[in-house]
Amino acid sequence: MAIIRVALDVPVDCLFDYLAPDASITDIGLRVCVPFGKRRTLGIILSVCTDTSVPGNKLKQAERIYRDIPPLPPALLELFKFCNRYYHHPIGQVVMNSIPNRLRQFKLTIDQPSRAFAWVITDKGRLLDATDIPARSRAKRLLLTTLQDNGQIPPEAFKQMSAHNRKLLREFLALDWVTQMPLVPGLPTAQTEPPSPTPEQNAAIAAILADTGMFAPWLLHGITGSGKTEVYLRVTAALLKQQRQVLLLVPEINLTPQLEARFKQRFPETAVVSLHSGLNDNERLQGWLLAQQGKAGIVLGTRLAVFTPLPELGLIVVDEEQDLSFKQQDGLRYSARDLAIYRAKQAGVPIILGSATPSLESYQHALAGHYRLLRLHSRAVSGATLPVIRCIDLRLTKAPEGLTEPLLTALQTALSQQQQSLVFINRRGYAPVLLCKSCGWVAACTRCSSRLVVHLHARQLRCHYCGHQQTVPAACPECGDPDILPFGQGTQRIEAALRSHFPAARILRVDRDSIRRKHAWQSVLDAVQNQQVDILVGTQLLAKGHDFPNLSLVCILNADASLYSTDFRAEEQLFAQLMQVAGRAGRADIPGTVLIQTEFPHHPLYQALSRQNYDSHARTLLRERQLTHFPPFAYQAVLRAEAIVIDSALAFLGKAAKIATACEQFGQIQLFDPVPAPMMRLKGRERAQLLVHAHSRKHLQEFLFDWQQRLHTLAAQKKVRWHLDIDPLML
DNA sequence: AGCACGCCGACT
DNA sequence: GTCGGCGTGCTC
């Protein structure tokens, strides 16, 4: 009698054994329905064996093994086990959170046709002789010949079809005469000739293609506008020719559709599957299945896509590898970029980490020779030059309403030359503070340690951390003085100020509030492309990825805040962000200018920025990290605790620190003091953290393994929730 | 996570 | 005398 070991979605780090008379080794990776306590639940078979340590009276029989779709491949199961070990997260939750929702339900996933996909003829269908179909089945014969002639029926055409024809198509699907593929609507459009690569791009492409059959991590460091995407496209083309699949990971930002369109356009014959948060469960499953069956040549997605099964994986690309959104911030706190490296190594394929401002982790790997460094120094569009970057010293220049005279003058010049400008301020709303002048009261959130932001249009105060909203009070709630004033600038206030300075200009504000509407982002892009905008005002949403060809001026306001941050990565991130925003300026043949309003014009960050010198700044930061023994020269984990009151959280961490001394490798690690988290109060709960440092990943892991087990047995965790975060990004 | 069991306060 | 509060513990 076979025993199956099953991963279930429970917060206990173990597998559950069941009797399964009909199970064999080929069932590993299949879904299974099992009785669990008083209920039934669905799990994944991780191994099949003949004996178990579970006493016979506890052992139950599995109800049913699902064979409707092929099992998860061994490589993926291996990745799950790695996540389990490395991130110290229960195996069942790793597995079940990484597969599509639909696969976690009891109902079978019979190939349900997807409305969003085209019906494409298979090789089998193509070889059929339509005259073999009896002449009286007129519709059936016609449908087959149509498919053989056109190759596909796009989704729009399917919607027009009669119910009978739709039924026939479903029949064809069951017979494997057709398959469902996501294809570009209106497929064979006039294809524009791809630009010929620059010598730098060619060198990079050649270098990567020289070794495609083995693990090779590449750091593609290319300045904004240098054409990293063209490198991805060319390397992808070569691997698609070898019948391999390409995984492209992107940050969770609005530029996914643009990249998707570009890949679809370049590879009209290839099924491009896009896995992002905008999909419903069915669409996600369909895309996942195409990937798993090897039918999808290109899988493009956000961090969760790193768990997609890809039997023919030949290349992984991580675009904007420095982006923080590759790190999951709850549940299984994985880094999709790091897991992508693991997968590439596991599959023996190249991986390209692309960035204009690589993370210090990746950059250090490149300097140390662990990654191979490729550089694109020049802009891909011939004649395009780098922008000139200047600081405006806020200590010497007045900035009424947050805007200095030289900045307004520059905007006026751009306007008169009919060129577009971008005003970047990383703070949405009207004003970040509402202040009472007579008693010093400040509007604060009751559930978070944050200030409420004034939103003038909505006449509200909003907490940007928990979403709490209230109306703006008419007078100070403390002293009754009606003279309460918004302090500081947000996007809305800057927008208003610009409108009064430039009444004739067409000003468009872009932040999370203004693009909440569906498709709003696309209409912003269209408006900018079609020259319907003179001045863009916005947050970091505007920082990434898009070509704004007529943009000549970028103004950066209020960036200094990050310089006071307690997070040791704040400066690295600010630098990356400002480099990106600055890169928006002067992309085509218009020379660009970047103006930065700052109180610290001599700060090394701004100095490096104005010289556009990523390398020297990154080396400076790395030297600091090395001297202070911080990542990437040390490895970190953080134990976070949250409770109703900070004292319980701190007390728990105190106990945790005490039991740590008895743990394996305690001598090899360094524990910091438990401290309140930077945003101590959040959504009505108070949080504290305890940082662990080590010089060796192995020692840290051994310590954490032991520590975590003891933390579970620490009984007095009443009402204290805790978790471990490995390689934490935000402290 | 669910879902039980279990042992103490206010109700028909 | 019960209904129900949520603390503790288990689920193959």
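Residues numbered from 1 in each chain as written. Chains lettered and ligands numbered in written order. Predicted model: local features only at pLDDT ≥ 70, side-chain atom pairs only at ≥ 80, totals over all residues. Heavy atoms only, no water.

K.L.:
Looking at this structure, I do not really get the environment of P432. What am I missing?
P.N.:
In this fold, P432 is placed in the loop between β18 (420-425) and β19 (433-436). With 267 residues separating them along the chain, P432 and N165 place their C-alpha atoms 59 Å apart. Setting aside its immediate chain neighbours within four residues, P432 contacts R427, R451, L452, V453, F487, G488, Q489 and G490. (Helix = DSSP H or I, 4+ residues; strand = E, 2+ residues; numbered from the N terminus. Contact = heavy atoms within 4.5 Å.)

K.L.:
Is there a simple way to explain the packing of aromatic side chains in this structure?
P.N.:
Given two aromatic rings, their pairing is described by the distance between the two centres and the angle made by the two planes. Enumeration over the complete set of coordinates arrives at 15 aromatic pairs. An aromatic cluster of three or more residues is present, and its members are F82, Y86, Y87 and Y342. It is R40 that lies over the ring of F106; its NZ or CZ is 4.9 Å from the centre. R64 extends its terminal NZ or CZ atom over the ring of Y66, reaching a point 5.0 Å from the ring centre. (Phe/Tyr/Trp six-rings, centres within 6.5 Å; stacked < 30°, edge-to-face > 60°. Lys NZ or Arg CZ within 6 Å of the ring centre and 35° of its normal.)

K.L.:
Would you mind going over the UniProt feature "domain: Helicase ATP-binding" (unreviewed entry) in chain A with me for this structure?
P.N.:
The positions that UniProt labels "domain: Helicase ATP-binding" (unreviewed entry) are, in the present scheme, residues 209-376. Helix makes up 35% of residues 209-376 and strand 24%, and the two end C-alpha atoms of the span are 17 Å apart. (UniProt positions renumbered as here; feature names shortened; annotations may be inferred.)

K.L.:
Would you take a moment to explain the protein's contact with DNA strand C for this structure?
P.N.:
Near DNA strand C the following residues occur: V12, L15, F16, D17, Y18, P35, F36, G37, V54, K58, L59 and K60. At the protein interface, 62% of the atoms of DNA strand C within 4 Å belong to sugar or phosphate. Between DNA strand C and the protein, one listed contact pairs a sugar or linking oxygen with a backbone N or O atom of D17 at 2.4 Å. In this structure, a phosphate oxygen belonging to DNA strand C sits 3.3 Å away from a side-chain N or O atom of Y18. Secondary structure elements with two or more residues in the surface near DNA strand C: β2 (16-19) and β3 (31-36). Here the element with the most residues in the surface near DNA strand C is β2; it accounts for 3 residues. For the surface near DNA strand C, the class distribution of residues is 8 nonpolar, 1 polar and 3 charged. (Near = heavy atom within 4 Å. Polar contact = N/O pair within 3.5 Å; in protein donor to acceptor, adjacent residues only side chain to side chain. Nonpolar A, V, L, I, M, F, W, Y, C, P; charged D, E, K, R; others polar.)

K.L.:
Please clarify how the protein's contact with DNA strand B should be interpreted in this entry.
P.N.:
Surrounding DNA strand B, one finds V10, P11 and R39. Here DNA strand B approaches the protein such that, of its atoms within 4 Å, sugar and phosphate make up 36%.

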